[in-house]
Amino acid sequence: MEAWHFTEMPYPNLPPIDSLSTMRVSLSNKHFDPKIGADLYNRYLDEYMIADDVGLNLLCNEHHQTATCIDVAAPLTAAILARQTSKGRICILGNPIANRGDPLRIAEEMAMIDCISRGRLDVGFVRGVPYEIFAANTNPTTTVERLWEGIDLVVKAWAPTDEPFNFEGRFTQRRAINLWPRPYQTPHPGIWITGSSDLENIKRAAGRGFVFATFLQPHEKVKWMFDGYRSAYRDTGLPGGGGTAYMPLVYTADTEAEAEKGAQELTWYLNAKAEPQYRNPPGYVPVEFNVNALKGTFTGRTDAMRKKSMEFLKEEGVMVYGTPDSVAKQIKRLYDLVGGFDHLLMMQQAGWLDHKRTASSMKLFAKEVYPQIRDLARTKPLETRAAAE
Amino acid sequence: MSTNERKKTSVKLGGVTLEVERRGSGRPLLLLLGEEHLELDAPFVDELAKSFEVIIPSAPGFGHSERPDWITGPDDIAYMYLDLIDTLSLKDVTVVGFSLGGWIAAELATKNNGAISKLVLVDAYGVKIGGPTDRDIMDIWTSNPTKVAAAKWADPAKGERDFTKMSDDELTIVARNIESFARFCWEPYMHNPKLKQRLHLIKVPTLLIWGEKDGIVETRYGEAYGKLIPGSRFAVVPGAGHYPHLEAPQAFMTTLRGFIG
């Protein structure tokens, strides 16, 4: 199993959260102090370098117009890490290809970062959470189609060509495509994709050998998604690569009491709130979901979990915290409950969790937990026939 | 409830099946629904059906109508409705459009006036009047739902709908309408940049009816819209918001009847 360090690069220095109607999309940018921002950016990058030093891989992402994440350009973070680190793999999870609207620019940036890092890059693609629709002004009813058309174009553009080609798709029209540079890895960097309830999306990812990642979900639902992924391996064959990734909030400390305090800080992320109009843009989820939303039986993931206790979230595998042995035990339990997975994506920093405690948790994990879980077996197809062939 | 029979039909136009309701008898009146389809159960439609045959299509993606990917906005829907007029062999059609339906009606009348006798736009969207940072049309998708309701209705209580009492089929239509409205009107927001330059092509008598208290598209927007249509008249319905035909149906009908007979 591969372990990854992750922070969303939050900007926690806000007025009391209870006094705000939102932390996303419409929170006035007068609350952003560039001097504090400068300190935070440099601190979070320092923490990625510590993660690299202690043997963890590095995961970054981007969001827009939100205090929950001031990384607004994951390729910039990845480019800095490509140059300043030397060991860990670097994964962007991911490029919001539907929202950026220029797949070829993404293909170029990824190829360049892959070269600078000498092949340490994994390239994730995400549809983007509902809030992102507004900052990007993407039509919320077409993001799935834009995502897949964009991925197809990136993969095609990464391949060596004898001569430039034109692309006339539903969302992108470009001429004389001839990517310089090409990626360092052959045929191209590993591709990751995120998802939750859309089983077709999961199967599509499996069919193409993409790593499928999901975040902060109860273990039963994670198993359901990973089973969907593994069964698609069986149904569609195994094109190579692939795997499954799961992200809980993780905090490791010398004592249970310290761990609980650190984990408590991480729940800041779960309390991030947004005004109602930003939570479910029209047509972002399928009609069937919205029928349930109208009935009041469909609510967002974060909304549902916000009200739960840490003990409950630990039980569900959404939070993992404790002494090193306890953390290792929890991860093994989660591994068994979901039918195994390949990548542990650890949100080890959120909210007010300071540098000292973040670094301490990371180092302890790398030294005492990682060796206990590293050799857990990789994802296999539910039926091994396809892999054997 | 309707005393007129509601004839539900489906019409295939260029491979796309639209549901089309036909109610009453008399001269043809093409009624283009607002994005919420609230007109379907409103008494004023039955009133109209006493002297007109009211023809009510559901736009692609609305009601039970199909929505192929190539349809991306009201411009495309207007072409489909010209096809509908032709397919049903309608002549001297009175076209009345509400809200989004008003926008589609304006698009339609710029393309071909041949079969249209009169045009009525009620609190319609479709044009951009001011500059890039002027809010011509309230952004309903970044505004708190409570504020949207207050802008839409003079009395927001009239706009409340109890979704828990609706069947799954009715809720599916509500969800489809919400989705398709965004599909077609997200960007450019609620307008076609070309429409403003085409409105002079409307050669038929045109009336714009506006709710005095419409906060989504205010009366000053409606007046500016009307000035782009040669010879058009502009009328205000007092005490009503974005849906004057639902909030003040009598005053609305008096104004409408005065124009269409």
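Computed from a prediction, not measured in an experiment: that's the story for all the values here.

### Considerations on the overall build of chain B
Argument step 1. Tallying secondary structure elements over chain B gives nine helices and eight strands in all.
Argument step 2. Taken along its principal axes, the extent of the C-alpha atoms in chain B is 45 × 45 × 40 Å.
Argument step 3. In chain B, buried positions account for 55% of the 261 residues.
Argument step 4. Sequence separation of at least 24 residues holds for 77% of the intrachain contacts in chain B that already meet a minimum separation of 6.
Argument step 5. Side-chain charges in chain B split into 30 positive and 35 negative, and the spacing between the mean points of these groups amounts to 5 Å.

### Some points on the interface of chain A and chain B
Argument step 1. At the junction of the two partners, chain A supplies 21 residues and chain B supplies 19 residues.
Argument step 2. In terms of surface lost to chain B, no three residues of chain A exceed Pro282(A), Val287(A) and Leu294(A), which account for 31% of the buried area on that side.
Argument step 3. When the shortest N-O distance is used, the salt bridge between Lys295(A) and Asp168(B) registers 2.9 Å.
Argument step 4. Counting across the chain A and chain B interface gives nine residue pairs in polar contact (both at pLDDT 80 or more).
Argument step 5. Going through the elements one at a time, helix 5 (132-136) and helix 10 (287-295) of chain A are the ones with two or more residues in the side of chain A that touches chain B.
Argument step 6. Sorting elements by how many residues they give to the side of chain A that touches chain B places helix 10 of chain A first, with five residues.
Argument step 7. Residue composition of the side of chain A that touches chain B, grouped by class: 10 nonpolar, eight polar and three charged.

### Observations regarding the confidence of the model for chain B
Argument step 1. Overall, the prediction assigns chain B a mean pLDDT of 97, with 99% of residues at 70 or greater.
Argument step 2. For this predicted complex, the interface confidence score (ipTM) comes to 0.93, while the overall pTM stands at 0.94.

### Observations concerning the pattern of salt bridges
Argument step 1. One pass over the full model with this rule turns up 28 salt bridges over all chains.
Argument step 2. The shortest N-O distance in the salt bridge between Arg174(A) and Asp102(A) comes to 3.0 Å. Taken as a pair, Arg174(A) in strand 6 (residues 173-177) and Asp102(A) in the loop between helix 3 (97-100) and helix 4 (103-116) lie far apart in primary sequence, 72 residues in all.
Argument step 3. Taking the shortest distance from any N to any O, the salt bridge between Asp69(B) and Arg170(A) comes out at 3.2 Å. Here the residue Asp69(B) occupies a position in the loop between strand 4 (52-57) and helix 2 (74-87), and Arg170(A) occupies one in the loop between strand 5 (165-168) and strand 6, the pair thus bridging two chains.
Argument step 4. Its relative accessible area of 34% is what places Arg170(A) among the partly exposed residues.

Rules used throughout
- Residues numbered from 1 in each chain as written.
- Chains lettered and ligands numbered in written order.
- Predicted model: local features only at pLDDT ≥ 70, side-chain atom pairs only at ≥ 80, totals over all residues.
- Heavy atoms only, no water.
- Helix = DSSP H or I, 4+ residues; strand = E, 2+ residues; numbered from the N terminus.
- Buried < 20%, exposed > 50% of the residue type's maximum accessible area, 1.4 Å probe, protein only.
- Contact = heavy atoms within 4.5 Å.
- Lys, Arg positive; Asp, Glu negative; His and termini not counted.
- Charge placed at Lys NZ, Arg CZ, Asp CG, Glu CD.
- Buried area = accessible area lost by both parts, 1.4 Å probe.
- Salt bridge = Lys/Arg side-chain N within 4 Å of Asp/Glu carboxyl O.
- Polar contact = N/O pair within 3.5 Å; in protein donor to acceptor, adjacent residues only side chain to side chain.
- Nonpolar A, V, L, I, M, F, W, Y, C, P; charged D, E, K, R; others polar.
- pLDDT = per-residue confidence, 0-100.

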